[in-house]
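Observations on chain architecture
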Amino acid sequence: MGLIDIGAEPTSRDTFNAFIEQLRDRLGVDHAAYAGMDHAGSDIRGFVTYPGAWIEHYQQNEMASKDPTLRLASRSIAPLDWARAAAICEGDRVMLEASDFGLPRNGVTVPVRGPFGDIGMLSVSAHGSPEQWKKQFAHIRSDLQSMAVYLHDRVVQSFTDQNPAMRPLMSQREIEILQWIAVGKTQRDVGTILSISDRTVEVHLRSARTKLSALTTTQAVARAIESRLINPR
Amino acid sequence: MIIIVDALNRHKYTTLVDRMFQLRAQVFGGRLGWDVQVENGREIDQYDSLDPAYVIGVNAAGDVVSCVRALQTTGPHMLSDVFSAILGDEPPLRSPTLWESTRFCVDTKRLARGRGPGSISDATAELMIGSLEYAMSSGIDDIVTVIDPVMDKVLKRSNNAPYDYVGSTVQMGKVPALAALLDCTQERIDRVRDFANIPHDVFAGPEELARFTDAGLLSQSNSVGRELTVDYLWAQFDAAKTVDEVAAVYRMWMDLFSKGLVESAPPESLTSRHVA
């Protein structure tokens, strides 16, 4: 996918910063920003591509706790378009000032709910007309969802020194499918072998990738071999 | 029509949400006999406090006729906990593009049999279309839905058969439950639309959205109440035979008017007509 593989340990702050820049470029947006916190909301981490002046202003005024895109998205299960946030919080200071600093008005914040009550939010934004933005978002939303969970899981794992046992467990079906992929079968082959539809294979593979913090199936297979979930042949 | 209620707009739709909890009590606690907690005529569980999204079907009168609840599978949801028996204690699917849908139901008491507007099958199809379109526009590819075998049959009959299942059918209280997979694709939506003959947009427009907020529903019920009161007062006037009776109705009308319970004062012309 042309992104740094942050699923492999260990991951430093620099790697996350590099990842968020690559994510921005890959999705063709102007800015990307991630904010995540543990279940208590005590440990907050952020990685952003915003201009230094805005970051400084944002931090000085402790805007993270007031930012409506974060506050609202953390309670949404669907991606929150900034147009909806603006309609709910009309005349909000953070949003007005962001636009004074030249930040794009078009944007979306994708909320991620983790298994331990942790919450992550990945925002991307772009200049241009609302119509252009609508099209662009429809085009990138699926990748954006995957990247958001991928990044969030890795950030949470990095800041709590979690042991691998805390990672989501794989099901027998997921392991079985990965094992067949590892020996060179295509998704279609696997479906035929297991007498299940292509789409069932796909939904389990996607879940396996998510649980293994992998953006691609190749990464997932490598990770599964590494952790001895499956055997290399 | 369909209204999406989540944590961001829930404060505006507390009446609808309350009616939804009552419908769930009637269906899951009553008709289906599921092992759910019903308190004060409402079925509410711990997942309702996790800021889920609800897809709610509403009729023109503002009654909740159908509903379903959606949660992300990346965080806590029912298959990762309460419904884990369905998966035979295997870990649940976890994916950013997979939502879990639970508490899918329609009001079979309020809706008619057969087909067409106002029927059970129409409300069911509308809720399906609404759920699938809402999920799709949120970047969701698939839904894993916890249902009973009857709903499974309904899905199959309405050209909306699950493409697969996870786990197996297990007993939950008095009835069995299972987890089905549905793809959120235009092809599936079109099939349901064709079958149910629903070509129109199922989502409430801006006017309807305003009409079904707490404020909108309150003003509606007030205006209905006011009309009834005025009808009643006119009837009393017509029935009044003596000057004293007319005066009594007149005083009652004035009293209601001063309390804001009717919109206009008693018409003078009418009083004089009766007195004459």
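Presented here is an overview of the structure given in this document.

Reading the values: rules and limits
Residues numbered from 1 in each chain as written. Chains lettered and ligands numbered in written order. Predicted model: local features only at pLDDT ≥ 70, side-chain atom pairs only at ≥ 80, totals over all residues. Heavy atoms only, no water. Phe/Tyr/Trp six-rings, centres within 6.5 Å; stacked < 30°, edge-to-face > 60°. Helix = DSSP H or I, 4+ residues; strand = E, 2+ residues; numbered from the N terminus. Buried < 20%, exposed > 50% of the residue type's maximum accessible area, 1.4 Å probe, protein only. Lys NZ or Arg CZ within 6 Å of the ring centre and 35° of its normal. Salt bridge = Lys/Arg side-chain N within 4 Å of Asp/Glu carboxyl O. Core = buried A, V, L, I, M, F, W, Y, C linked by side-chain atoms within 4.5 Å. Contact = heavy atoms within 4.5 Å.

**So, the packing of aromatic side chains**
How two aromatic rings sit relative to each other is given by the distance of their centres and the angle of their planes. All chains considered together, the criterion is met by 12 aromatic pairs over all chains. The interplanar angle of 90 degrees and the centroid separation of 6.3 Å between the aromatic rings of Phe21(B) and Tyr54(B) together place this pair among those described as edge-to-face. Remark: Tyr54(B) occurs in strand E4 (residues 53-58) and Phe21(B) occurs in helix H1 (residues 14-31); sequence separation between them is 33 residues. Across the pair, exposure class does not vary: Phe21(B) and Tyr54(B) are buried alike. Taken together through their ring pairs, the aromatic side chains of Phe16(A), Tyr34(A) and Phe47(A) make up a single cluster. When the ring centre of Phe28(B) is taken as reference, the NZ or CZ atom of Arg103(B) above it lies at 5.5 Å. A cation sits over an aromatic face here: Arg115(B) above Phe195(B), 4.6 Å from the ring centre.

**As for the pattern of salt bridges**
Evaluation of the coordinates by the stated rule reveals 25 salt bridges over all chains. For Glu202(A), the salt bridge is made with Arg209(A), and the minimal N-O distance between the two is 3.7 Å. Arg209(A) gets classed as buried once you look at its relative accessible area, which sits at 15%. Note that Arg188(B) and Asp183(B) form a salt bridge whose closest N and O atoms lie 2.8 Å from each other. Taking relative accessible area as the criterion, Arg188(B) reaches 1% and is therefore assigned buried. If you follow the salt bridges from partner to partner, you end up with Arg199(A), Glu202(A), Arg206(A), Arg209(A), Asp141(B) and Asp142(B) in one network.

**Remarks on the nonpolar core**
Residues Ile3(B), Leu16(B), Met20(B), Leu79(B), Phe83(B), Ile86(B) and Leu181(B) are the most contacted members of the largest nonpolar core, which totals 43 residues. Among the secondary structure elements, those contributing two or more residues to this core are strand E1 (2-5), H1, E4, strand E5 (64-72), strand E6 (98-106), strand E7 (142-147), strand E8 (164-172) and strand E9 (175-183) of chain B. Per element, the largest residue contribution to this core is 7 residues, and it comes from H1(B). Excluding anything up to four places from it in sequence, Ile86(B) contacts Leu79(B), Val146(B), Val166(B), Gly167(B), Ser168(B), Val170(B), Ala177(B), Leu178(B) and Ala179(B). With 31 residues, the next largest nonpolar core counts Ala78(A), Ala70(B), Trp99(B) and Leu178(B) among its residues.

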